[in-house]
Amino acid sequence: MVLNVVDLQCSKCYKKIKKLLCKFPEIRDQTYDEKANKVTIKVVSCSPEKIRDKLCCKGCGCITSIKIIVPPPPLPPPPPPETHVNVSVNLQVQGFCYCQCWPWGLCYCGGQVQCVVTAEAVVEKS
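Right, let's walk through the structure included here.

Cut-offs used in this document
Residues numbered from 1 in each chain as written. Predicted model: local features only at pLDDT ≥ 70, side-chain atom pairs only at ≥ 80, totals over all residues. Heavy atoms only, no water. Pairing = 2+ DSSP bridges. Helix = DSSP H or I, 4+ residues; strand = E, 2+ residues; numbered from the N terminus. Axes fitted to C-alpha atoms, helices over the stretch in contact; angles between N-to-C directions. Contact = heavy atoms within 4.5 Å. Buried < 20%, exposed > 50% of the residue type's maximum accessible area, 1.4 Å probe, protein only.

**With respect to the sheet that holds strand β4 (residues 63-67)**
- Taking strand neighbours across the sheet as the criterion, the four strands line up as β2-β3-β1-β4 in an open arrangement whose pairing is antiparallel. Where the open sheet ends on each side, the last strands, each with one partner, are β2 (27-33) and β4. Looking at each pair of strands side by side, their axes are set apart by 20 degrees on average, direction ignored.
- With four bridges connecting them, strand β1 (residues 2-5) and β4 associate as antiparallel partners. Bridge assignment links Val-2 to a residue of β4, and that residue is Lys-67.
- Where helix α1 (residues 11-22) meets the sheet, it contacts β1, β2, β3 (38-43) and β4, and its direction lies at approximately 165 degrees from that of β2.
- Its contacts with the sheet place helix α2 (residues 48-58) against β1, β2, β3 and β4, and it is angled at close to 175 degrees to β4.

**Thoughts on the pairing of β3**
- What you see with β3 is a clean split: Val-39, Ile-41 and Val-43 sit on the buried side and Lys-38, Thr-40 and Lys-42 on the side with no burial.
- Both β1 and β3 contribute to a ladder of three bridges, which runs antiparallel. Looking at the pairing, Val-2 lines up with Thr-40 of β3.
- Bridge count between β2 and β3: five bridges; the pairing is antiparallel. Directly across from Thr-31, in β3, lies its bridge partner Thr-40.
- What sits between β2 and β3 in their antiparallel hairpin is a turn of four residues, with Asn-37 showing a positive phi close to 55 degrees.

**Let's talk about unusual backbone geometry**
- Non-glycine residue Asp-29 carries a positive phi angle of around 50 degrees.
- For Asp-29, the position within the fold is in strand β2.
- The class of Asp-29 is exposed, set by a relative accessible area of 53%.
- Positive phi, close to 55 degrees, is recorded for Asn-37, a residue that is not glycine.
- By the element assignment, Asn-37 lies in the loop between β2 and β3.
- For Asn-37, a relative accessible area of 19% translates into the label buried.

Function cannot be read off these values alone, since they describe shape.
Structure follows, in structure tokens:
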């Protein structure tokens, strides 16, 4: 919120505005620009319109105009970069009997079948 004041270089006007702004706990960050006769304040936890109306009533002619500045909305965070992961897997399954009678795991002699799995994976990020 920006307050235009009659004359901030006048000590009485400066003290009056400073005293007036200190009465409101909702007002933060007071910045005085004496050359331009402007006071920039930040209003928190309240509607700026209510504070504007109270300042106009209690200003008693020191405040010429009050302009409410709406802060710009915050920028949305940038989206995370897309990462594509390509995974290729080679599987080789071999089965054989302990007696080596059949190489594909179909054992006709009654022996136990053992299965061997060999895997190889390649991961690529792009």
